[in-house]
Amino acid sequence: MQILQVQNLCKTYGKSAVKVDALKQVSFSLDKGEFCAVVGESGSGKSTLLNLIGALDLPTSGDILIDGHNLFSMSEEERTIFRRRNIGFVFQSFQLVEELNVEQNIIFPLLLDYRKPDPDALEEILSLLGLQDRRRHLPNQLSGGQKQRVAIGRALITGPKLILADEPTGNLDSRNSLEVLDLLLRCSRKFQQTILMITHNNSLAASADRVLRVSDGCLTEPGESTEKGGGFRDEKLS
């Protein structure tokens, strides 16, 4: 079952002499439960791709469908509601609410949507992330790794169709980076959760089910030339 479909996606900034093609005819899809890593250097277009898939920006052309729903055929209000209910985010900088404790930060997306948290689902997530004894702690009482676990819990609590992880280990040391990656993998398996992770770390990316590479706005198989302009294949990793 396909959860994400990206079709001929283009994003252009500026015009004429200052025109920049950030993405060029990008197409790919993700099935339910897949954990996919997108790698690329700074400025390659991978963050632009994530922002478009997360409905945080609009493409110049092309379509993105999540669970069959075309993001850009919706009104801005419809898209905001759809994003809140169907897309979870894990950011490099954690983006926790400093005045809220661990439990409150995790359920915050539900409260924004005027939904009542399921106590059993919350306990399952706290247990999976090893945060049961930290539930009353504020963010300033947590380590970097613990903060990112809270961010993962916040992304999971709504039961989203897709989780987007933007350099989720970028602010962590090696040990915590491996722990966060392991948690993302476990969440993908346990909840059949589709995850798209942006990273510049090839070693971390190798643990994903699939690895895609963005270079000069084109999505390609690692090692494949981008001269074909928008060509796409994906690499299955054993």
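Student: Where do I start with the overall build of the protein in this structure?
Tutor: The helix and strand inventory of the protein stands at 7 helices and 11 strands. Its C-alpha atoms give the protein a radius of gyration of 18 Å, within 12% of the compact-globule value 18 Å for 238 residues. Principal-axis analysis of the C-alpha atoms gives the protein an extent of 55 × 40 × 35 Å. Out of the 238 residues in the protein, the part that is buried amounts to 50%. Contacts in the protein between residues far apart in sequence, at least 24 positions, make up 70% of those at least 6 positions apart. With the model as given, the accessible surface of the protein reaches about 11,300 Å², and the carbon-plus-sulfur share is 45%. Across the protein, the centroid of the 28 positively charged side chains sits 2 Å from that of the 31 negatively charged ones.

Student: Just checking my understanding: could you explain the environment of Arg115 for this structure?
Tutor: Here Arg115 is to be found in the loop between helix H3 (102-112) and helix H4 (119-128). Residues Arg115 and Thr158, spaced 43 residues apart in sequence, show a C-alpha to C-alpha distance of 9.5 Å. The contact partners of Arg115, leaving out residues within four places of it in the chain, are Arg85, Leu110 and Thr158.

Student: Teacher, can you tell me more about the side chain of Thr48 here?
Tutor: With respect to the helices and strands, the residue Thr48 is situated in helix H1 (residues 46-53). Taking relative accessible area as the criterion, Thr48 reaches 14% and is therefore assigned buried.

Student: Teacher, can you tell me more about the pattern of salt bridges here?
Tutor: Should their charged atoms come close, side chains of opposite charge can pair. Within the structure shown, the criterion is met by 15 salt bridges. For Glu34, the salt bridge goes to Arg210, with nearest N and O atoms at 3.0 Å. A residue pair is termed long-range when its members are at least 10 positions apart, and Glu34 in the loop between strand E2 (20-31) and strand E3 (35-39) and Arg210 in strand E9 (residues 210-215) qualify at 176 residues. Arg210 shares its class with Glu34; the two are buried. Of the charged contacts, one joins Asp113 and Arg85 as a salt bridge, the two residues approaching to 2.9 Å between their closest N and O atoms. In this pair, Asp113 is assigned in the loop between H3 and H4 and Arg85 in helix H2 (residues 76-86), connecting sequence segments 28 residues apart. Judged by its relative accessible area of 5%, Asp113 falls in the buried class.

Student: Where do I start with the pairing of E9 in this structure?
Tutor: Within a regular strand, the side chains alternate between the two sheet faces. Here E3 runs beside E9; their pairing, made up of 4 bridges, is parallel. From the neighbouring strand, Cys36 faces E9, where its bridge partner is Arg210. Pairing of E9 with strand E10 (residues 218-220), which is carried by 3 bridges, proceeds in the antiparallel orientation. Across the sheet, the residue bridging to Arg213 is Thr220, located in E10. Counting the residues that bridge the hairpin from E9 to E10 gives 2 residues, and of these Asp216 lies at a positive phi of roughly 55 degrees.

Student: What should I look at first to understand the sheet that holds strand E5 (residues 69-70) in this one?
Tutor: Taken together, 4 strands build an open sheet; the order of strands is E2-E1-E4-E5 and the sheet is antiparallel. Where the open sheet ends on each side, the last strands, each with one partner, are E2 and E5. Looking at chain direction, strand E1 (residues 2-13) and E2 are connected through 8 bridges and run antiparallel. Considered in E2, the bridge of Tyr13 is made with Val20.

Student: It is not clear to me how the packing of aromatic side chains should be interpreted in this structure. Could you clarify?
Tutor: Aromatic ring pairs: the centre-centre distance and the angle between the two ring planes describe each pair. A full pass over the atoms with the stated rule returns 1 aromatic pair. Ring geometry for Phe89 against Phe91: centres 5.6 Å apart, planes inclined by 0 degrees, an arrangement best described as stacked. Of the residues examined, Phe91 reaches a relative accessible area of 21% and is grouped as partly exposed. The ring of Phe191 has Lys190 lying over it, and the distance from NZ or CZ to the ring centre is 6.0 Å.

Here is what the cut-offs are and how they apply
- Residues numbered from 1 in each chain as written.
- Predicted model: local features only at pLDDT ≥ 70, side-chain atom pairs only at ≥ 80, totals over all residues.
- Heavy atoms only, no water.
- Helix = DSSP H or I, 4+ residues; strand = E, 2+ residues; numbered from the N terminus.
- Rg over C-alpha atoms; globule rule 2.2 N^0.38 Å.
- Buried < 20%, exposed > 50% of the residue type's maximum accessible area, 1.4 Å probe, protein only.
- Contact = heavy atoms within 4.5 Å.
- Areas by Shrake-Rupley, 256 points an atom, 1.4 Å probe, with all protein chains shown as cover.
- Lys, Arg positive; Asp, Glu negative; His and termini not counted.
- Charge placed at Lys NZ, Arg CZ, Asp CG, Glu CD.
- Salt bridge = Lys/Arg side-chain N within 4 Å of Asp/Glu carboxyl O.
- Pairing = 2+ DSSP bridges.
- Phe/Tyr/Trp six-rings, centres within 6.5 Å; stacked < 30°, edge-to-face > 60°.
- Lys NZ or Arg CZ within 6 Å of the ring centre and 35° of its normal.

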